[in-house]
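If you want the building blocks of each chain, they are given just below.
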Amino acid sequence: MKRRVKACVSSLAAGIGLLAAGMGNADDIPFFVSRDVPDYRALMTVREADRPTNTHLRSVLHHHGWTRVEEGTGISYGSFFDNVLLSTWKAHDDEDVTDMTITKVVPLRRGISVKNTKEVGTVIHPAGEACKWWEVIDKPELKGTFGPFYYSCLSHDGIEVATKGLIKRKEPYGETQLVKLERTPVEESEVRPPKRLFDPAFWLKPLRHYPKRPANLPDFEARMIGDRSEKRVLRHYPWRFEEERGSDGRVVFSVWNMLDDQRLTVSYSKNERHFEARRSSIDFRPSSNLIGVEIGPTDLKKSDRYLGESCAWFETTHHADAGTSECLTPDGVALKVESSSWVGVSENHTAVEVKRRPVDLKEMIPPPELIDPSSWGFTVSD
């Protein structure tokens, strides 16, 4: 199942446990129990949980602990033991990558411990390869849990040749199985992501010629103080940038295009780092079937005054589980922001300084050290 719709930064990191399961998602990489697995090339069939009657192919390359997985329009690069995963997708008929996520979690395995993994099941022989089943344990099993529970079948030299998921440990929930396996040298360049994926210019290059900036949307810089974090906000039509620093050490840099579906976000905290980027086609429109649909702005028919300026309240976003209301000046500067969430912690921010000044797009790029491939553990190919 392709994760075409990205979750929020916090929930993405929580989902990294799936990285080890290798359940046939293009987002995942194979499960290993040791680092001395030989180089190999494998072709596998995938039967997804939500489409049990359909199968498709999955290609896997492995070299010295690094893996490249290709499935449909998705390609993933990662290291199981370094707990880092880079996933890319193409949207529609685009020739190049349009979506990317990178997640790196510390401490390693984030709840998945190789030494806690236990051997289960019987020996099978996909494509003539004998293997033994291992249960991939994400966290201590709770009594009465339905799962799904994930299993990986490894050859004598540690190559994953089959996977499966089970509900209640008996009902099928997706599987993969080996079709062809070659134990052969794999070049390092074949398992390394392209260099351009770490270049902000690749993601933020204008998709078209934008109209002249409206007079009522001037460039500005604002500083806001919240309950648990501070924000720095920049606008240079049609671009907007936010840098948020939490009292717990969490930092998030986000820049996005207000007219097109184009964005870049980098975040980090004590135990995790996340990089998300998107450069969709101009004609892309979000599906009306998404659970969370953004609407607005909606005039809330009330006004306020902050920093000596008047502002009017609008509901600017509304999702299935969250919403945001902002008190906006006539030229679109938020002086007060109130965020609510049914599943997370709500927070309010109030502007303490606003400067209407020219803003350069270069000011909106996250610090170079946060987007350098080596800071994520990757070396790249040209």
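The shown structure was predicted, so the numbers you read here are calculated from the model rather than taken from an experiment. (Residues numbered from 1 in each chain as written. Predicted model: local features only at pLDDT ≥ 70, side-chain atom pairs only at ≥ 80, totals over all residues. Heavy atoms only, no water.)

Counting its secondary structure elements, the chain contains three helices and 22 strands. In the chain, the share of contacts with a sequence separation of at least 24, taken over all contacts with a separation of at least 6, comes to 51%. Taken as a whole, the chain presents about 19,400 Å² of accessible surface, with 53% of it coming from carbon and sulfur. (Helix = DSSP H or I, 4+ residues; strand = E, 2+ residues; numbered from the N terminus. Contact = heavy atoms within 4.5 Å. Areas by Shrake-Rupley, 256 points an atom, 1.4 Å probe, with all protein chains shown as cover.)

Our focus in this paragraph is the confidence of the model for the chain. For the chain, per-residue confidence averages 81 on the pLDDT scale, and 78% of positions sit at 70 or higher. When the elements of the chain are averaged for pLDDT, helix α1 (residues 9-14) gives the smallest value, 30, and strand β12 (residues 220-226) the largest, 97. Overall, residues 108-116 carries pLDDT values under 50, and its contacts beyond four positions in sequence, including any with other chains, amount to 29 contacts. Contacts of residues 285-295 to residues separated by more than four positions or lying in other chains number 12 contacts, the stretch itself having pLDDT below 50. (pLDDT = per-residue confidence, 0-100.)

The tally for this structure, following the rule as stated, stands at two disulfides. Each sulfur of the disulfide joining Cys131 and Cys153 lies 2.2 Å from the other. In this structure the cystine formed by Cys131 and Cys153 twists about its S-S bond by roughly 95°; its chirality is therefore right-handed. In this pair, Cys131 is assigned in the loop between β7 (118-119) and β8 (132-136) and Cys153 in strand β9 (residues 149-154), connecting sequence segments 22 residues apart. You can call Cys153 buried: its relative accessible area is 0%. (Disulfide = S-S within 2.5 Å. Buried < 20%, exposed > 50% of the residue type's maximum accessible area, 1.4 Å probe, protein only.)

Looking now at the side chain of Thr324. Take Thr324: it is sitting in strand β20 (residues 322-328). Beyond its immediate sequence surroundings of up to four residues, Thr324 is in contact with Phe314, Glu315, Thr316, Thr317, Val337, Glu338 and Ser339.

Turning next to unusual backbone geometry. A cis geometry characterises the amide bond from Tyr237 onward to Pro238, with omega recorded as 5°. Here Pro238 lies in the loop between β13 (229-236) and β14 (239-246). Phi at Asn83 is positive, roughly 55°, even though this residue is not glycine. Positionally, Asn83 belongs in the loop between β4 (74-79) and β5 (84-89). A relative accessible area of 1% places Asn83 in the buried class. Look at Leu307: it is not a glycine, yet its phi comes out positive at around 55°.

On to the pairing of strand β16 (residues 262-268). Counting buried positions along β16 gives five out of seven residues, so the element sits mostly inside the fold. As paired elements, strand β15 (residues 251-257) and β16 share six bridges and run antiparallel to each other. Note that in β16 the partner of Val252 across the bridge is Ser267. Taking the residues between adjacent antiparallel strands as the criterion, β15 and β16 are bridged by four residues. (Pairing = 2+ DSSP bridges.)

Turning next to the environment of Arg235. Among the structural elements, Arg235 can be located in strand β13. Using a relative accessible area of 3% as the deciding quantity, one classes Arg235 as buried. Once residues within four sequence positions are removed from consideration, Arg235 is found in contact with Asn216, Leu217, Pro218, Asp219, Phe220, Arg240, Met258, Asp331, Gly332, Val359 and Met364. Within the local environment of Arg235, its side chain forms a polar contact with the backbone oxygen of Gly332, the two atoms lying 3.2 Å apart. (Polar contact = N/O pair within 3.5 Å; in protein donor to acceptor, adjacent residues only side chain to side chain.)

In this section: the environment of Gly246. If you trace the backbone, Gly246 turns up in strand β14. Linking Gly246 and Arg228, residues 18 residues apart in sequence, is a C-alpha distance of 5.8 Å. What Gly246 contacts, discounting residues up to four positions off in sequence, is Arg228 and Ser229.

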